[in-house]
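Breakdown of the fold
Chain residues, written in single-letter form:
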Amino acid sequence: MNARDLVDAIAKIRPEYTAADHLRIALLLSLQNEDLQKFSDHTQLERQLLEVTIQLSATSDQHAAVSTELDSLATTSPCEFTQKHLWTLVKALKVQSQILNLYLG
């Protein structure tokens, strides 16, 4: 199975996803699995697809939450900066790191 076949297989399983979602999931699957041939097994593909979808959803939710916190932080003046704000920045860095790890394998 090549990358195009993988995208097509994902599109058949999840036709409600956008083309960008199909490509994104295929990328994540290929980064996590060197041998794409194992996805010829429909059951194996569905299992891995569920895992990647959950990872992507969790990471997206974390990113959205931290983005909201950062937007709030951006409205405070520098003289109001507290330890809570520092923790928000640390969480933002951790979430960014998780996203990078997800996409880099």
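Going by the structure above, here's the rest.
Residues numbered from 1 in each chain as written. Predicted model: local features only at pLDDT ≥ 70, side-chain atom pairs only at ≥ 80, totals over all residues. Heavy atoms only, no water.

**Here's the deal with the nonpolar core**
- Ranked by internal contacts, the top residues of the largest apolar core, which has 17 residues, are Leu-6, Ile-10, Ile-25, Leu-29, Phe-39 and Leu-45.
- Counting residues per element, this core draws most heavily on helix α1 (residues 3–13), at five residues. (Core = buried A, V, L, I, M, F, W, Y, C linked by side-chain atoms within 4.5 Å. Buried < 20%, exposed > 50% of the residue type's maximum accessible area, 1.4 Å probe, protein only. Helix = DSSP H or I, 4+ residues; strand = E, 2+ residues; numbered from the N terminus.)

**Considering helix α2 (residues 19–32)**
- If you check α2, its first and last C-alpha atoms are 20 Å apart, about what 14 residues at 1.5 Å a residue would give, namely 20 Å.
- Residues of α2 that are buried include every one of His-22, Ile-25, Ala-26, Leu-28 and Leu-29, and no others. For α2, the angular spread of buried residues about the axis comes to 165°, placing them on one side. Away from its buried face by more than 90 degrees, α2 exposes Ala-19 and Leu-23. (Expected span 1.5 Å × (residues − 1). Arc of directions from axis to C-beta.)

**Describing the environment of Gln-32**
- Tracing the backbone through its elements, the reader meets Gln-32 in helix α2.
- In this structure the C-alpha to C-alpha distance between Gln-32 and Leu-102, which are 70 residues apart in sequence, comes to 8.9 Å.
- Only 2.9 Å separates the side chain of Gln-32 from the side chain of Gln-55, close enough to count as a polar contact. (Polar contact = N/O pair within 3.5 Å; in protein donor to acceptor, adjacent residues only side chain to side chain.)

**Quick word on the packing of α1 against helix α3 (residues 42–74)**
- Relative orientation of the contacting elements α1 and α3 amounts to 80°, with a least axis distance of 11 Å. Taken together, the axes of α1 and α3 lie roughly perpendicular to each other. In this structure, α1 uses Leu-6, Ala-9, Ile-10 and Ile-13 to contact α3, whose residues at the interface are His-42, Leu-45, Glu-46 and Leu-49.
- Per-class residue counts for the contact of α1 with α3 are six nonpolar, one polar and one charged. (Axes fitted to C-alpha atoms, helices over the stretch in contact; angles between N-to-C directions. Parallel < 35°, antiparallel > 145°, perpendicular 65-115°, else oblique. Contact = heavy atoms within 4.5 Å. Nonpolar A, V, L, I, M, F, W, Y, C, P; charged D, E, K, R; others polar.)

**Description of the side chain of His-22**
- Tracing the chain through its elements places His-22 in helix α2.
- In this structure His-22 touches Val-7, Ile-10, Ala-11, Arg-14, Pro-15 and Tyr-17, once residues within four positions along its chain are discounted.

Don't take any of this as a statement about function, it's just geometry.
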